[in-house]
There are 2 protein chains.
Amino acid sequence: MKIVLIGAGNVGYHLGMRLHEVGEHVVQVFSRTPNRAEKLANKIGAKACSKLSKIKASADLYIVAVKDDAILAVVKELASNGLQNKLIVHTSGGTGIGEMGNYVAHFGSFYPLQTFSITKKANWAAIPICVDANSKKSRKKLKKLAQKISPKTYEIDDEQRAILHVAAVFVNNFSNHLFHIGATICEKEQLPFSILKPLIEETVNKLKIGEPKAMQTGPAIRNDQKTIAKHHEYLEKFPDFKKIYEELTTSIQNNNA
Amino acid sequence: MKIVLIGAGNVGYHLGMRLHEVGEHVVQVFSRTPNRAEKLANKIGAKACSKLSKIKASADLYIVAVKDDAILAVVKELASNGLQNKLIVHTSGGTGIGEMGNYVAHFGSFYPLQTFSITKKANWAAIPICVDANSKKSRKKLKKLAQKISPKTYEIDDEQRAILHVAAVFVNNFSNHLFHIGATICEKEQLPFSILKPLIEETVNKLKIGEPKAMQTGPAIRNDQKTIAKHHEYLEKFPDFKKIYEELTTSIQNNNA
């Protein structure tokens, strides 16, 4: 399949690398930052491009991996450049596909449910890919492509994808911030954050043997008021962290009431 | 070293198993629940006991692995049973050692910084052990024992241990609750929680390549108000989760302001 990749950020970069790796033909890579487009394009035998008007109409699929609030403007411009009958998909968890229909005939989403960093190789064997499209034919095409990239593929509609995105914010963005809070407290007190890393790893390993609810431990679930009071007192110096401590403690207790 | 283990819950159980594994001599296992004491004692060649008054004074070390608010009462009773000159330690992250000095001459802490479940084998190669005691001699003794159990041992005083315990609540108890929130949202919407597990694993894997602050992604740090508003709307059906969403979003944004 001939594919044009629009966007060479975290998602675009790793998707481009993987598409090339599984033998798909990425013909063009677009980024408004020419260097970024070239860097990826050179790695995967594609042409780089930094103007949407230079994108060719000869590909089978256009993957728009740009910031959520830029997606529709990009799709609109692609349509006005003669791509209105091409299959165009976005890679966003939090964006519906319906509005793309104002500009193009065939549209959908191709959402890898993972957090990517340019500096870290993606392990595609463990990345679920959620696909959707406005026709059965397009969905089938996307599903087939997804299956080449990952063993875990799902057909997920707009509503389901939006919900997965909320859940993903909790388990990824927010838990990462809790790790940051742990690191901040250690740093403030000149203790090595590395001392907490085995605990963090085990917290996740435990998900292999049971539901998180069954794995809950600590002062909140024990309703250990003495310890909770000590922790509140310590957290006076971190007002944001204290509020988070209180809300999470309350939620753990409500959840087990 | 002859050791008596007081408590056969999550910590006591795994500590007992490990002490036996590395060739230490656990002579007695105490639990108020006779079955529990017996189960562990049988596995590690120790005598089971369900009365504190039956604990013998012939051991070199007494490890008190009971609930935080029961520690002092246990130490007091041990002292009144003739153990007032023995080395007695607790395994609690959130409890100081000083008050033990009201009852016994030699005291300290032996704190494995990990979350344990009876059903999951502990990986001691990755469990930091924090030791402290009221004398250099006792500290040395505990450190030597800790080094047999784990390659990662630290001398950590009461204040540092209390701080590590706060940090541990954030990175372990609270992140586990965020995983539970993810699972609850998936369940409510009939989506498989397993779809989020690779994302959770990657969130932790990323700590190997950089500090959590540098790894932060998502709508909060992008200040993507449109997505945040959508998520608030969805979370109307989970008021606790909505408050947590708001506090964590605010904290991520303050932290990067």
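Quick note: structure is the one above.
All figures in this text were calculated on a predicted structure; none of them were measured in a lab.

Visitor: Quick one: what's the story with the overall build of chain A, residue by residue and with numbers?
Guide: On a plain count of helices and strands, chain A comes out with ten helices and eight strands. Across its three principal directions, the C-alpha atoms of chain A cover 70 × 35 × 30 Å. In chain A, which comprises 257 residues, the share counted as buried stands at 56%. A separation threshold of at least 6 residues defines the contact pool for chain A, and within that pool the share at least 24 residues apart is 56%. Total accessible area on chain A is roughly 11000 Å²; 48% of this is exposed by carbon and sulfur atoms.

Visitor: Explain the relation of the copies chain A and chain B residue by residue, including any values.
Guide: At an RMSD of 0.0 Å, chain A and chain B line up after a rotation of 180 degrees and a shift of 0.0 Å along the axis. Here the transformation between the copies is reduced to the relation of a two-fold axis. For chain A, the smallest separation between a C-alpha atom and the rotation axis is recorded for serine 175 of chain A, amounting to 2.6 Å. The overlap is high: 100% of the interface residues of chain A also sit at the interface in chain B, so the same surface is used on both sides.

Visitor: I'd like a description of the interface of chain A and chain B, backed by residues and values.
Guide: Each partner contributes residues to the interface: chain A has 88 residues there, and chain B has 88 residues. Linking chain A with chain B are two salt bridges, by the criterion used here. Across the pair glutamate 202 of chain B and lysine 120 of chain A runs a salt bridge, and its minimum N-O distance is 3.2 Å. Summed over the shared surface of chain A and chain B, the result is 30 residue pairs in polar contact (both at pLDDT 80 or more). Secondary-structure elements contributing two or more residues to the side of chain A that touches chain B are helix H5 (158–188), helix H6 (197–205), helix H7 (212–215), helix H8 (219–222), helix H9 (225–234) and helix H10 (239–255) of chain A.

Visitor: A description of the pairing of strand S4 (residues 61–64) of chain B should follow, citing residues and the corresponding values.
Guide: All names here are of chain B. What you see with S4 is no split at all: Leu61 and Ile63 on one side and Tyr62 and Val64 on the other are buried throughout. Sheet analysis places strand S1 (residues 2–6) next to S4, joined by four bridges and oriented parallel. Of the residues in S4, the one forming a bridge with isoleucine 6 is valine 64. Note: S4 against strand S5 (residues 87–90), four bridges, orientation parallel. Across the sheet, residue tyrosine 62 finds its bridge partner in S5, namely isoleucine 88. Handedness of the crossover is the feature at issue here: the chain leaves S4, passes through helix H3 (residues 71–83), returns alongside S5, and the resulting connection is right-handed.

Visitor: Lay out the packing of aromatic side chains with the relevant residues and their values.
Guide: Enumeration over the complete set of coordinates arrives at 14 aromatic pairs over all chains. Every member of this aromatic cluster is reached through a ring pair, and the members are Phe170 and Phe174 of chain A together with Tyr234, Phe238, Phe241 and Tyr245 of chain B.

Visitor: Describe the packing of H5 of chain A against helix H9 (residues 225–234) of chain B, with residues and values.
Guide: At a minimum axis distance of 10 Å, the contact between H5 of chain A and H9 of chain B shows a crossing angle of 100 degrees. It follows that H5 of chain A is roughly perpendicular to H9 of chain B by the angle criterion. Residues Ile163, His165, Val166 and Val169 of chain A of H5 of chain A pack against Thr227, His231 and Tyr234 of chain B of H9 of chain B. Counted by class, the contact of H5 of chain A with H9 of chain B contains four nonpolar, three polar and no charged residues.

Visitor: An account of the sheet that holds strand S6 (residues 106–112) of chain A is needed here, citing residue identities and associated values.
Guide: Residues and elements named next belong to chain A. Spatially, the eight strands line up as an open sheet ordered S3-S2-S1-S4-S5-S6-S7-S8, and their pairing is mixed. In this open sheet, the two strands that pair with only one neighbour each are strand S3 (47–49) and strand S8 (153–155). The sheet shows a mean angle of 25 degrees between the axes of neighbouring strands, direction not considered. Here strand S5 (residues 87–90) runs beside S6; their pairing, made up of four bridges, is parallel. Residue histidine 90 lies in a different strand from S6, and its bridge partner there is serine 109. Where helix H3 (residues 71–83) meets the sheet, its contacts fall on strand S1 (2–6), strand S4 (61–64) and S5, and the angle it forms with S5 comes to roughly 165 degrees.

Thresholds applied
Residues numbered from 1 in each chain as written. Chains lettered and ligands numbered in written order. Predicted model: local features only at pLDDT ≥ 70, side-chain atom pairs only at ≥ 80, totals over all residues. Heavy atoms only, no water. Helix = DSSP H or I, 4+ residues; strand = E, 2+ residues; numbered from the N terminus. Buried < 20%, exposed > 50% of the residue type's maximum accessible area, 1.4 Å probe, protein only. Contact = heavy atoms within 4.5 Å. Areas by Shrake-Rupley, 256 points an atom, 1.4 Å probe, with all protein chains shown as cover. Least-squares fit on C-alpha atoms with pLDDT ≥ 70 in both. Salt bridge = Lys/Arg side-chain N within 4 Å of Asp/Glu carboxyl O. Polar contact = N/O pair within 3.5 Å; in protein donor to acceptor, adjacent residues only side chain to side chain. Pairing = 2+ DSSP bridges. Right-handed = clockwise from strand over helix to strand, strands pointing away. Phe/Tyr/Trp six-rings, centres within 6.5 Å; stacked < 30°, edge-to-face > 60°. Axes fitted to C-alpha atoms, helices over the stretch in contact; angles between N-to-C directions. Parallel < 35°, antiparallel > 145°, perpendicular 65-115°, else oblique. Nonpolar A, V, L, I, M, F, W, Y, C, P; charged D, E, K, R; others polar.

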